[in-house]
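Descriptive analysis of the structure
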Amino acid sequence: MDFAQHSPASAAIRSAKTNQTNPTKSLRHCLTLAALILALPAFAEDNPATPAQRAVRQRFVPKPRDARDGNGADCTKLNQMKMDKPGVLMLMAHAGVGDSFPVGEKDLRKALDVTVLAGDDDHLKLGIRIADEKKQQLDVDMKRDGTVSMQLAGHKFTFAYPSVTVNPDSSPTTDKAMIIVNRFP
């Protein structure tokens, strides 16, 4: 069965063609056709049965600190990203309270050690120590979606604590905060 032959629009067209002698009937059929044409986009819309799901911001909820929960941090090495200017290197880490991660380039010695000392969804407290130096640790407070810049080990470093957005199917909470580190030449 051909849908186009039995649709209301095709019936109105056929009727308008066969009733050309009656102007009132033709006008009525033309108006019906125009109304159908204007209504077609509404029928063509995709109306899912459930409301559209939107991405949600994942909240950082640290686990209670336990000395046995050691270094569960995951991180990349400093590397050049295509979108960054030449010489600007980036590292991404996921770390919970008590976790630490090294900041350094692949196959080179690390420049910094970073420890997540405390924090929650609104802020993080990082302990930053220059590698291979016995100097005191520098404690830095960062707000959500904020950055902190400082000159360390001969380079400018920027630390960021960005919001993370996930699919609604994913967990709305995590015990690992995302930390972005940029090193400038």
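Procedures and definitions
- Residues numbered from 1 in each chain as written.
- Predicted model: local features only at pLDDT ≥ 70, side-chain atom pairs only at ≥ 80, totals over all residues.
- Heavy atoms only, no water.
- Core = buried A, V, L, I, M, F, W, Y, C linked by side-chain atoms within 4.5 Å.
- Buried < 20%, exposed > 50% of the residue type's maximum accessible area, 1.4 Å probe, protein only.
- Helix = DSSP H or I, 4+ residues; strand = E, 2+ residues; numbered from the N terminus.
- Contact = heavy atoms within 4.5 Å.
- Polar contact = N/O pair within 3.5 Å; in protein donor to acceptor, adjacent residues only side chain to side chain.
- Pairing = 2+ DSSP bridges.

Moving on, we get to the nonpolar core. Ranked by internal contacts, the top residues of the largest apolar core, which has 27 residues, are Phe-101, Val-103, Leu-124, Leu-126, Ile-128, Phe-159 and Val-181. Among the secondary structure elements, those contributing two or more residues to this core are strand E4 (89-95), strand E5 (100-103), strand E6 (112-119), strand E7 (123-130), strand E8 (138-143), strand E9 (147-152), strand E10 (155-160) and strand E13 (177-184). Per-element accounting of this core gives the leading share, four residues, to E4. In this view, Leu-126 contacts Val-114, Thr-115, Val-116, Leu-117, Leu-138, Asp-139, Val-140, Met-142, Phe-159 and Ile-179; residues no more than four positions away in its chain are not counted.

In this structure, Arg-183 sits in strand E13. Given the relative accessible area of 13%, Arg-183 is considered buried. Within polar-contact distance, the side chain of Arg-183 engages the side chain of Glu-105 at 3.0 Å.

So, on to the sheet that holds strand E11 (residues 164-166). Spatially, E11-E1-E12 is the arrangement adopted by the three strands of the open sheet, whose pairing is mixed. With one partner strand each, in any of the chains shown, E11 and strand E12 (173-174) form the two edges of the open sheet. Here two bridges tie strand E1 (residues 56-60) to E12, and the two strands are oriented parallel to one another. Note that in E12 the partner of Phe-60 across the bridge is Thr-174.

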